[in-house]
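Survey of secondary and tertiary structure
If you want the building blocks of each chain, they are given just below.
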Amino acid sequence: MEPDDNEVPEPVEPVDGEGDVQAPAEHPGDEDPGDEHPGDEDTDGGASGPVETVEAVATAAQDAVATAAQDIGGFIRTQRMAAEVSLRQLAERAGVSNPYLSQIERGLRKPSADVLAQIAKGLRLSAEVLYVRAGILEERPASPVRDALLADDSISERQKQMLLEIYESFRKENTDVKE
């Protein structure tokens, strides 16, 4: 039988997930202000629920990324000024756009490892210095040999990295032999 437009449909009883009929809901306004509701998350004495925890972790991660971006940007600006290189000159040397480099320096953008390597080359710094500053690499203990290699302008970044890898492998090998 088709429902008539003037006919009021009969109320449907709520059913839970297992097919059982639930108790009828109370009328709005019949409840006490202190009643707990199914959506209330504050049932464990005020501890935050899983959604709040995930949001807090996400916020903390975003803050860490923003701080790292500002730190690396400020460091790049300081190095650029110490080298007496204009923003435009560094952008040209590094092969990145002037506005993008400006955004990096102001902490609005977090550059990729490739862009950091290009900037390092433009500043005549070791890419490793910028990687450590940006949080991409962990800082290694200082070594006079390592410092001399990184400071040498007569070899390329790739050659520096290869020499450092060889040097570190020799040191590790000798440490293993002593033990």
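Residues numbered from 1 in each chain as written. Predicted model: local features only at pLDDT ≥ 70, side-chain atom pairs only at ≥ 80, totals over all residues. Heavy atoms only, no water.

**Describing the environment of Tyr-100**
Filter applied, for reference: Per the convention used, a helix needs a DSSP run of H or I reaching at least four residues, while a strand needs a run of E reaching at least two, with both numbered from the N terminus. The classification of residues rests on relative accessible area computed with a 1.4 Å probe and restricted to protein chains. Under 20% of the type maximum is buried, over 50% is exposed, and intermediate values are partly exposed. Here, residues are in contact when the closest pair of their heavy atoms is within 4.5 Å.
As for its position among the elements, Tyr-100 is in helix α3 (residues 98-105). Residue Tyr-100 is classed as partly exposed on the basis of its relative accessible area of 24%. A sequence separation of 11 residues divides Tyr-100 from Pro-111, and the C-alpha atoms of the two residues are 9.2 Å apart. With residues up to four places along the chain from it excluded, the contact list for Tyr-100 reads Arg-109, Lys-110, Pro-111, Ser-112 and Val-115.

**Observations concerning α3**
Short version of the rule: It is the directions from the helix axis to the C-beta atoms that the arc portrays. Within 3.5 Å is the distance limit for a polar contact, defined as a pair of N or O atoms, with the added protein rule that one can donate a hydrogen and the other accept it, and that residues adjacent in sequence qualify only through two side-chain atoms.
Buried within α3 are the following residues: Leu-101, Ser-102, Ile-104 and Glu-105. Along α3, the residues classed as buried sweep out an arc of 160 degrees about the axis, all on the same side. Two or three places before Tyr-100, at the opening of α3, Ser-97 has a side-chain oxygen 3.2 Å from that residue's backbone nitrogen. Downstream of α3 by a residue or two, Gly-107 has a phi angle that is positive, lying close to 80 degrees.

**Overview of the side chain of Arg-80**
With respect to the helices and strands, Arg-80 occurs in helix α1 (residues 50-82). Arg-80 sits in the buried class, given a relative accessible area of 9%. Beyond its immediate chain neighbours, meaning those up to four positions away, Arg-80 contacts Val-85, Ser-86, Leu-87, Leu-90, Glu-105 and Leu-123.

**Some remarks on helix α5 (residues 127-134)**
Of the positions making up α5, those classed as buried are Ala-127, Glu-128, Leu-130, Tyr-131 and Ala-134. Within α5, the buried residues cover an arc of 160 degrees as seen down the axis, which keeps them to one side. For α5, the N-terminal cap is Ser-126; the gap from its side-chain oxygen to the backbone nitrogen of Glu-128 is 3.1 Å.

**Quick look at a nonpolar patch on the surface**
Short version of the rule: The residues that make up patches have over 30% relative accessible area and no salt bridge, and they are joined within 9 Å when like-charged or within 5 Å when they are Val, Leu, Ile, Met, Phe, Trp or Tyr. In this description, accessible areas are obtained by the Shrake-Rupley approach with a 1.4 Å probe, and a residue is regarded as covered only by the protein chains that are shown. Throughout this description, the term salt bridge denotes a Lys or Arg side-chain nitrogen within 4 Å of a carboxyl oxygen of Asp or Glu.
A contiguous nonpolar patch, built from Leu-163, Ile-166 and Phe-170 and spanning about 280 Å² of accessible area, is present on the exposed surface. Here Leu-163 shows up in helix α7 (residues 157-178).

**Observations regarding the confidence of the model for the chain**
A low pLDDT means the predicted coordinates there should not be read in detail. For clarity, the threshold we go by: Every residue carries a pLDDT, the predictor's confidence in it, which falls somewhere between 0 and 100.
Averaged over all residues, the pLDDT of the chain equals 75, while 65% of them reach at least 70. Between residues 21-46, whose pLDDT stays under 50, and residues either more than four places distant or in other chains, the model counts 12 contacts.

**A short note on the packing of helix α2 (residues 87-94) against α3**
This is how it is decided: Under this scheme, a helix contributes an axis fitted over its contacting stretch, all axes are lines through C-alpha atoms, and angles between N-to-C directions fall in the 0 to 180 degree range. For this classification, under 35 degrees means roughly parallel, over 145 means roughly antiparallel, 65 to 115 means roughly perpendicular, and everything else is oblique. We call a crossing left-handed when the near helix sits turned anticlockwise from the far one by less than a right angle, and right-handed when that turn is clockwise.
Viewed as axis vectors pointing N to C, α2 and α3 meet at an angle of 110 degrees, and their least axial separation amounts to 9 Å. Taken together, the axis directions place α2 and α3 in an arrangement best described as roughly perpendicular. The crossing of α2 and α3 is right-handed. In this structure, α2 uses Leu-87, Arg-88, Leu-90 and Ala-91 to contact α3, whose residues at the interface are Asn-98, Leu-101, Ser-102 and Glu-105.

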